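Residues per chain are reported as follows:
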Amino acid sequence: MRPAARPRLPGGSGPEIRSTLAVAFLVGTGISLATLFFVGRLEWEHLLLALPLLPGLLLGLLGTGWIASLLGRWWLRLAVLVFAAVSGLAAMLQGFAG
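Structure report, in brief. All values reported here derive from a predicted model rather than from experimental measurement.

### Here we look at the overall build of the protein
Part 1: Counting secondary structure elements, the protein contains 3 helices and 0 strands.
Part 2: Reading the protein from its N end, one meets helices and strands in the order α-α-α.
Part 3: Each of the 98 residues in the protein was classed as buried or not, and the buried ones make up 2%.
Part 4: Accessible surface, the protein as shown: approximately 9200 Å² in total, 74% of it carbon and sulfur.

Next comes the structure, spelled out in structure tokens:
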């Protein structure tokens, strides 16, 4: 019996993977907003609540190249894995708590 294959990210450079994820999130966000609009659940209040998030978004977009080069590949991978693990654990705990 063969051991289970270890999951891998698709091949590609960091910028290629980041741009693919950015497009996926952009399309997903567009679909979510369009769906909320068509079912009558998107209100101006939601858009106004999102406005304070824009500076952080822009700062992240502008600073990502600098941070990636500062941390290096190994540290960046570790940071992403720790963030994903903590986020997943928090989501599970929140789900169990009801």
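### Brief notes about helix H1 (residues 14–38)
Part 1: In a regular helix each residue adds 1.5 Å, so 25 residues correspond to 36 Å; H1 covers 36 Å between its end C-alpha atoms and thus fits that length.
Part 2: Immediately beyond the C-terminal end of H1, within one or two residues, lies glycine 40, with a positive phi of roughly 80°.

### Focus: the packing of aromatic side chains
Part 1: Tallying each qualifying case throughout the model produces 2 aromatic pairs.
Part 2: Judged by centre distance (5.4 Å) and plane angle (70°), the ring pair of phenylalanine 37 and phenylalanine 38 falls under edge-to-face. Comparing phenylalanine 37 with phenylalanine 38, the two get one shared label, exposed.

Parameters and conventions
Residues numbered from 1 in each chain as written. Predicted model: local features only at pLDDT ≥ 70, side-chain atom pairs only at ≥ 80, totals over all residues. Heavy atoms only, no water. Helix = DSSP H or I, 4+ residues; strand = E, 2+ residues; numbered from the N terminus. Buried < 20%, exposed > 50% of the residue type's maximum accessible area, 1.4 Å probe, protein only. Areas by Shrake-Rupley, 256 points an atom, 1.4 Å probe, with all protein chains shown as cover. Expected span 1.5 Å × (residues − 1). Phe/Tyr/Trp six-rings, centres within 6.5 Å; stacked < 30°, edge-to-face > 60°.

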